[in-house]
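Spelled out from the first residue to the last, the chains are:
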Amino acid sequence: QVQLVESGGGLVQPGGSLRLSCAASGSIFSIYGMGWYRQAPGKQRELVAFITSGGSTDYADSIKGRFTISRENAKNTVFLQMNSLKPEDTAVYYCNAEVAVVGGPGWDDYWGQGTQVTVSS
């Protein structure tokens, strides 16, 4: 049906930057919201940033001013630019999309497989 494929994770030193990408493909009629979540070892998954199809955004307090979410609607792609990274940003980052599939009755949540971000010197 719908697949989300993330890329861009890796190892970076504190203060460095990374850019995550997530492309949605499949039987997509429309995508409303797209977002990034993260889960650190021993912790619950948390929302990092969210963006609607109209461009409205929401950010977790812990990353405001450092991370920026954006999307290309025509390519069903969402990005997360992460600057001034800190060790506490280390986590697996997951892409999420609220998708209406072709011929489907409504909206469903879809998730990517996750990409590891490690911030360490």
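These numbers were taken from a predicted model, which means no experiment stands behind them.

Criteria and thresholds
- Residues numbered from 1 in each chain as written.
- Predicted model: local features only at pLDDT ≥ 70, side-chain atom pairs only at ≥ 80, totals over all residues.
- Heavy atoms only, no water.
- Phe/Tyr/Trp six-rings, centres within 6.5 Å; stacked < 30°, edge-to-face > 60°.
- Helix = DSSP H or I, 4+ residues; strand = E, 2+ residues; numbered from the N terminus.
- Lys NZ or Arg CZ within 6 Å of the ring centre and 35° of its normal.
- Salt bridge = Lys/Arg side-chain N within 4 Å of Asp/Glu carboxyl O.
- Buried < 20%, exposed > 50% of the residue type's maximum accessible area, 1.4 Å probe, protein only.

**Student:** Help me understand the packing of aromatic side chains, please; the structure alone is not making it clear to me.
**Tutor:** Within a pair of aromatic rings, the relevant descriptors are the distance that separates the centres and the angle that separates the planes. All told, the structure shown has two aromatic pairs when counted by the stated rule. When the centroid spacing of 6.4 Å and the interplanar angle of 70 degrees are considered together, the rings of Y32 and W107 count as edge-to-face. Pair noted here: Y32 is in strand β4 (residues 28-39) and W107 is in strand β10 (residues 107-111), with a separation of 75 residues, a long-range link. Centre to centre, the rings of Y37 and W111 are 5.0 Å apart; their planes meet at 65 degrees, and the pair counts as edge-to-face. Residue Y37 is located in strand β4, and its partner W111 is located in strand β10; the two are separated by 74 residues in the primary sequence. Its end group placed over the ring of F79, R19 keeps NZ or CZ at 4.1 Å from the ring centre. Here the basic side chain of R45 rests over the ring of Y94, its NZ or CZ set 3.7 Å away from the ring centre.

**Student:** Hey, could you run me through the pattern of salt bridges in this one?
**Tutor:** Working definition: two side chains of opposite charge can pair if their charged atoms are close together. This structure, assessed with the given rule, holds five salt bridges. Its salt-bridge partner being E46, residue R38 comes within 2.7 Å of it at the nearest N-O pair. Under the relative-accessibility criterion, R38 is labelled buried at 6%. Overlapping salt bridges, with partners in common, bring together R38, E46, R66 and D89 in one network.

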